[in-house]
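Survey of secondary and tertiary structure
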Amino acid sequence: MRPVARPPWNPRWAALSASHAVAAALGEYCSACEIPLLSKRIAWNASTGEAVTGRARPADWGDLLVLCPHCARAAAGRAPGGTVLLPDRDATFALGPGAPFSDELRTVEVAGTDGGEPDVTERVFVVPNGDAAAGTVQLFGLNTAQQVDSRLRLALHADPAEMPLSGEQRRQLTELDDPRLMLRTAAWEHAKDAAVAYRQLTGDAALASWALLLAHAISSRGFWSVWAAVLTEVDLPLVTSALGLPPGSADPKAPGYRLPVAVAAHAFKATRGDWLPSPSPTTEQD
Ligand SMILES: [Zn+2]
């Protein structure tokens, strides 16, 4: 979960809906699952657990996050209390074994209603480390399909006698509605491929091109923390620049310093860099 530093309230946001204002401030990605927010986004008050409709207001600015419809459906009406990690106030990303969340490829079997063989595929699950992280995964249903489309929900629950579905059809219908696991898995696979490609590069120009392509891929696919977890082991300063942050040493004269790639710095607004090895850089904001 990408950690963010919430910018102070900007009076211009009063002209926007709450969901547009918080996306403008924190980036167009779900604050919980990190999927890109392509059409529907929901402002969510982390204190009350309620969706916020209408214009943005300074009164609840300090509690607003932006959610995709799937995370919002999972979290609907549940005040998070103290048992969850939230990206604007907790350490929701870290390197190494103490990380609050890690990604794990698991085999998923989906049984059909047609009596045939189950569909078997692999999906990346979020594995929590500790009670608060586990509460977060549960609150937002990060590993559980959350159906928001009522027609697809009906199709999935159709009478098997009238509409038998194979395991593959049931999985496809589920993922058409809630693509979070499918897209998280795709991002993870691309990050693994990028790590392999990195090892074949020679010369600084090739490295810089790789980082630029990477920044575009991360920005368009989302799941910042998936990329960060896979690739910071490869080349920390280069990858943090592709993630939109300067490296741990914010001193431009320090060896290995690289400017944040602009496309990622713009997309991943307000990302905190306090998880980087010392010394902590200044927070990147738009
Ligand atoms: Zn989400």
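Residues numbered from 1 in each chain as written. Predicted model: local features only at pLDDT ≥ 70, side-chain atom pairs only at ≥ 80, totals over all residues.

1. Examining the overall build of the protein
- Counting its secondary structure elements, the protein contains 10 helices and five strands.
- Scaling as 2.2 N^0.38, a compact globule of 286 residues should have a C-alpha radius of gyration of about 19 Å, and the protein matches this with 20 Å.
- The burial tally for the protein puts 40% of its 286 residues in the buried class.
- Restricting the contact set of the protein to residue pairs at least 6 apart, pairs at least 24 apart contribute 66%. (Helix = DSSP H or I, 4+ residues; strand = E, 2+ residues; numbered from the N terminus. Rg over C-alpha atoms; globule rule 2.2 N^0.38 Å. Buried ≥ 20, exposed ≤ 12 C-beta atoms within 10 Å, placed from the backbone. Contact = placed C-beta atoms within 7 Å.)

2. Side note on helix 8 (residues 224-231)
- The element helix 8 is largely enclosed, with a buried count of seven among its eight residues.
- Along its buried surface, helix 8 packs onto strand 4 (101-110), helix 6 (180-198), helix 7 (204-221) and helix 9 (236-242).

3. A short note on the sheet that holds strand 3 (residues 64-67)
- Here we have three strands laid out as an open sheet, ordered 2-1-3, and antiparallel in their pairing. Either end of the sheet is taken by a strand with one partner, and the two such strands are strand 2 (51-52) and strand 3.
- The pairing of strand 1 (residues 42-45) with strand 2 spans two bridges and is classified as antiparallel. Across the sheet, residue Trp44 finds its bridge partner in strand 2, namely Ala51. (Pairing = 2+ DSSP bridges.)

4. Quick look at the nonpolar core
- In this structure, Val22, Cys30, Leu67, Cys71, Trp227, Ala242 and Leu243 are the most contacted members of the largest nonpolar core, which totals 71 residues.
- When neighbours within four sequence positions are excluded, Ala242 is seen to be in contact with Ala211, Leu214, Ala215, Ile218, Val261 and Ala264. (Core = buried A, V, L, I, M, F, W, Y, C linked by C-beta atoms within 7 Å.)

5. Quick look at the pairing of strand 3
- Both faces of strand 3 are covered, namely the face carrying Leu64 and Val66 and the face carrying Leu65 and Leu67.
- With four bridges connecting them, strand 1 and strand 3 associate as antiparallel partners. By the bridge assignment, Trp44 is partnered in strand 3 with Leu65.

6. Things to note about the confidence of the model for the protein
- For the protein, the average pLDDT comes to 92, and 95% of its residues sit at 70 or higher.
- Across the protein, the secondary-structure element scoring lowest on mean pLDDT is helix 4 (residues 150-156), at 85, and the one scoring highest is strand 5 (residues 119-128), at 98. (pLDDT = per-residue confidence, 0-100.)

7. Notes on the packing of helix 6 against helix 7
- Contact pair helix 6 / helix 7: the axes reach a minimum separation of 11 Å and the direction vectors enclose 175°. Taken together, helix 6 and helix 7 sit at an angle that is classed as roughly antiparallel. In this structure, helix 6 contributes Ala186, Ala187, His190, Ala194, Ala197 and Tyr198 to the contact, and helix 7 contributes Trp210, Leu214, Ala217 and Arg221.
- Of the residues belonging to the contact of helix 6 with helix 7, the class tally is eight nonpolar, one polar and one charged. (Axes fitted to C-alpha atoms, helices over the stretch in contact; angles between N-to-C directions. Parallel < 35°, antiparallel > 145°, perpendicular 65-115°, else oblique. Nonpolar A, V, L, I, M, F, W, Y, C, P; charged D, E, K, R; others polar.)

8. Considerations on unusual backbone geometry
- Phi at Glu34 is positive, roughly 80°, even though this residue is not glycine.
- As for its position among the elements, Glu34 is in the loop between helix 1 (18-26) and strand 1.
- What makes Glu34 buried here is the crowd of 28 C-beta atoms within 10 Å.

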